[in-house]
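# Structure at a glance
Chain by chain, the residues run as shown.
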Amino acid sequence: MNNKNLIQIKDLSVITRSGVVLVEPVSFAIAQGQNLIILGETGSGKSLLANAIMGDLPNELTVTGSIIINGQTLHEQGEINLAKFRPLWGKTLAMLPQEPVRSLDPTMTAQNQVAESLYLVKKLDKTTALAQANNLLGKLALTHAKHHYPHELSGGMAQRVSFAAATILGANIVIADEPTKGLDHTNKLIVANMLGQVAKNAGSLLVITHDIEIASHLSGDDDMLMVMKKGKLLEQGRAKDVLTTPQSDYTKELIRANPATWVKGNARTFDKALLRLDDVAISRGNKELFSGLTLDLYEGQAVGLIGDSGIGKSSLGDALCGLLAPSKGGIHWYKTPARHQVLKLYQDPPSAFASSVKLGTLIDDIIKRHRLDKSQIAPLMEALQLSPELLNRTSEHVSGGELQRIAIMRALLMKPALLFADEVTNRLDPITQKTTLDLLTQACQSQNCTLIMVSHDHDLTRYYCDVVVDLTEYKKA
């Protein structure tokens, strides 16, 4: 490996103007041809650290310590000077954001988005820019999607288009913030392999993640790993050493929270059926997603749904909630629940809350509308590790992980008969994920609620669910 350091960070700390330390001083270097993985829970300061390295922090935050990129000192003290960082964006330093679909222009095709930088920054003519963009998309197995708009792309495809747009100008230092969040196993490995090429092509890669599998996948002999919690660096060292022989209690807990290592308990039995899926087929538009699904769902049962993106898992949830009619077959309830007791927890929590109203007001509205027990809010918030103060904020001012847990709390308040949980922990770190799913499954069992859980993590699904249905088996060849 070349020993030239492309990123050098010395005693870097992120502080508010009022003096609150959000990230305590950290130091590290990333050499050419090397990966650095930063593991940690939501709110640990990982993204703040990445944004500081990019020179893209909000004005209310200051940075101490030095930031050296490619041998050039860009920052040493005080406020970030954006003018020093901006010339490096795209050409030397690229950021792959958490939400690729939201970072892409919804009015532009994939090819045009990738070509735009070549056309506007490098001043290439449009034909040449489009040709180079098409060549890069081809290397990422996206030629077939070059005329697709962002809403027509899967999560994995959107992440690859975002990567192409970020690196087309030649950036050899890439920062990827939770790059595989919400992706199925196949797309997760595709994106991980794509990112792994950065270091192999003599660049440097900094990956922020809470996914132990991705951390392991990107951990070669020379790669490094850092573990952060609540703004503090707890452990740092050779990636393989940290993952196999962790020193800090928190790192050990993170690794134990990997569901691949869990042992499932004894099987439960059920005798009271809630509903029956009878030879069900689900279609969107003119496309049949799957067909021939026959299944009885029982009260208090946990059912796992797995299958690749686009197979129809979320659409089946819409059908169970009465939002979509099966294209064939039928859904028959043995006991019809109240309308508000058949609920769906969505993948994208911001879409389930009005953005301009305080969360506490939204919860109060639900309680009044359905005459619910308000006294259950506090114990549910505590069990889900949520601060009561969050209810004084709007959905735009809490993290995605916090908002997802508030959505779970709201659903459990309504004593559901059937709860369709669609990738509800994909924004959570492993420890918080386990705590949340332990509570969700236990609450559903105690309320005799049928839980249908969608997850791309097959180990997680098999551990928590009494039966697992793979919709791929019901897809036409």
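Below you will find a few notes about this structure. (Residues numbered from 1 in each chain as written. Predicted model: local features only at pLDDT ≥ 70, side-chain atom pairs only at ≥ 80, totals over all residues. Heavy atoms only, no water.)

### Describing helix 14 (residues 400–413)
Under the convention used in this document: A run of H or I in DSSP counts as a helix once it spans at least four residues, and a run of E counts as a strand once it spans at least two, with each numbered from the N terminus. Between the first and last residue of a helix there are one fewer steps than residues, each counted as 1.5 Å, and that sum is the expected span. Relative accessibility decides the category of a residue: with a 1.4 Å probe and only protein chains considered, values under 20% of the type maximum give buried, values over 50% give exposed, and everything between is partly exposed. The contact definition used throughout considers only heavy atoms, calling two residues in contact when any of these lie within 4.5 Å.
Its 14 residues place the ends of helix 14 20 Å apart at the C-alpha level, agreeing with the 20 Å of an ideal helix rising 1.5 Å per residue. Where burial is concerned, most of helix 14 is hidden: 12 out of the 14 residues are buried. Among the residues of helix 14, those classed as buried are Gly401, Leu403, Gln404, Arg405, Ile406, Ala407, Ile408, Met409, Arg410, Ala411, Leu412 and Leu413. In this structure, the buried side of helix 14 is in contact with strand 15 (342–345), helix 12 (359–370), helix 13 (377–383), strand 16 (418–422) and helix 15 (430–446). One or two residues past the end of helix 14 sits lysine 415, with phi positive at roughly 50 degrees.

### Notes on the sheet that holds strand 2 (residues 21–31)
As a reminder of what qualifies: When DSSP finds two or more bridges between two strands, those strands count as paired. In this description, a line fitted to the C-alpha atoms serves as the axis of each element, helices being fitted only across the stretch in contact, and the angle between N-to-C directions of two axes falls anywhere from 0 to 180 degrees.
Across the sheet, 4 strands lie side by side as 2-1-4-5; this open sheet has antiparallel pairing. Because the sheet does not close on itself, it has two edges, and the strands there are strand 2 and strand 5 (72–75). Adjacent strand axes in the sheet meet at a mean angle of 5 degrees, parallel and antiparallel pairs treated alike. Bridging between strand 1 (residues 5–16) and strand 4 (residues 61–69) involves 8 bridges; their strand directions are antiparallel. The residue bridging glutamine 8 from the neighbouring strand is isoleucine 68, located in strand 4.

### With respect to the environment of glutamine 433
The residue glutamine 433 is located in helix 15 in this model. Glutamine 433 sits in the buried class, given a relative accessible area of 11%. Between the alpha carbons of glutamine 433 and serine 399 there is a distance of 14 Å; along the sequence they are 34 residues apart. Among all residues touching glutamine 433, those that are not within four sequence positions of it are Thr425, Leu428 and Leu460.

### A few points about the nonpolar core
Worth spelling out the cut-off: By nonpolar core we mean a set of buried residues, namely Ala, Val, Leu, Ile, Met, Phe, Trp, Tyr and Cys, connected to one another through side-chain atoms within 4.5 Å.
The biggest cluster of nonpolar side chains holds 49 residues, and the ones touching the most others in it are Leu39, Val161, Leu195 and Leu225. The element that contributes the greatest number of residues to this core is helix 6 (residues 155–167), accounting for 6 residues. Contact partners of leucine 225, with chain neighbours within four places excluded, come to Leu36, Ile37, Leu39, Ala215, Glu235, Gln236, Gly237, Ala239, Val242 and Leu243.

### Concerning the sheet that holds strand 16
Reading across the sheet, the 5 strands line up as 15-16-17-13-18 and stay open at both edges, with parallel pairing between neighbours. Looking at the sheet topology across the chains shown, the edges are occupied by strand 15 and strand 18 (467–470). Going across the sheet, the axis of each strand differs from the next one's by a mean of 15 degrees, ignoring polarity. Examined bridge by bridge, strand 13 (residues 302–306) and strand 17 (residues 450–454) share 4 bridges and lie parallel to one another. Looking across to strand 17, one finds that leucine 305 is bridged to valine 454.

### Some words on helix 11 (residues 313–320)
Each turn of an α-helix holds 3.6 residues, which means side chains three or four residues apart point in the same direction. Helix 11 sits mainly inside the fold: 7 of its 8 residues count as buried. Among all positions of helix 11, only Lys313, Ser315, Leu316, Gly317, Asp318, Ala319 and Leu320 are buried. A positive backbone phi angle near 80 degrees is found at glycine 322, which sits one or two residues after helix 11.

### A look at unusual backbone geometry
In this structure, lysine 123 is a non-glycine residue whose phi angle is positive, near 60 degrees. Tracing the sequence through the fold places lysine 123 in the loop between helix 4 (110–120) and helix 5 (126–139). Under the relative-accessibility criterion, lysine 123 is labelled exposed at 65%. Although it is not a glycine, glutamate 178 sits at a positive phi angle of roughly 50 degrees.

### A closer look at the pattern of salt bridges
Defined as follows: The term salt bridge refers to a side-chain nitrogen of Lys or Arg lying within 4 Å of a carboxyl oxygen of Asp or Glu.
With the rule as written, the count across this model stands at 13 salt bridges. Put simply, Asp221, Arg238, Lys240 and Asp241 are held in one network by salt bridges that share partners.

### Re the packing of aromatic side chains
The description of an aromatic ring pair uses the distance of the two centres, along with the angle that the planes make with each other. Rules: Only centres within 6.5 Å qualify two rings of Phe, Tyr or Trp (six-membered ring in Trp) as a pair; their planes then separate them into stacked at under 30 degrees, edge-to-face at over 60, and tilted for everything else. A ring is scored as having a charge over it whenever the NZ atom of a lysine or the CZ atom of an arginine sits within 6 Å of its centre and within 35 degrees of its normal.
Tallied over the full model, the rule gives 3 aromatic pairs. Ring geometry for tyrosine 463 versus tyrosine 464: centroids 4.9 Å apart, planes at 90 degrees, classification edge-to-face. A residue is classified by how much of its surface remains accessible, and tyrosine 463, at 26% relative accessible area, is partly exposed. Through successive ring pairs, a cluster of aromatic residues spans Trp262, Tyr463 and Tyr464. One Lys or Arg, arginine 410, reaches over the ring of phenylalanine 353 and ends 4.1 Å from the middle of that ring. Between lysine 434 and the ring centre of tryptophan 262, over which it is positioned, the NZ or CZ distance is 5.2 Å.

### Here we look at the packing of helix 12 against helix 14
Condition: Angular relationships are summarised with four words: roughly parallel below 35 degrees, roughly antiparallel beyond 145, roughly perpendicular across 65 to 115, and oblique for the angles in between. Crossing handedness is defined as follows: a turn of the near helix away from the far one that is anticlockwise and smaller than a right angle gives a left-handed crossing, while the clockwise case is right-handed. Classes in brief: Ala, Val, Leu, Ile, Met, Phe, Trp, Tyr, Cys and Pro nonpolar; Asp, Glu, Lys and Arg charged; the others, Gly included, polar.
At a closest axis distance of 10 Å, the pairing of helix 12 and helix 14 adopts a crossing angle of 15 degrees. In terms of their interaxial angle, helix 12 and helix 14 are classed as roughly parallel. Like other packed secondary-structure pairs, helix 12 and helix 14 cross with a definite hand, here right-handed. Of the residues in helix 14, those in contact with Leu359, Ile363 and Ile366 of helix 12 are Leu403, Ile406, Met409, Arg410 and Leu413. By residue class, the composition of the contact of helix 12 with helix 14 is 7 nonpolar, no polar and 1 charged.

### Observations regarding the pairing of strand 9 (residues 224–229)
Side chains on a regular strand alternate between the two faces of the sheet. Two strands pair when backbone bridges link them, and strand 3 (residues 34–40) and strand 9 are joined in this way by 5 bridges, in the parallel orientation. Along strand 9, the bridge assignment pairs isoleucine 37 with leucine 225. Where strand 9 lies against strand 10 (residues 232–238), 6 bridges are found, and the strand directions are antiparallel. Bridging across to strand 10, lysine 229 finds its partner in lysine 232. In this antiparallel pair of consecutive strands, strand 9 and strand 10, the connection spans 2 residues, and lysine 230 shows a positive phi of 50 degrees.

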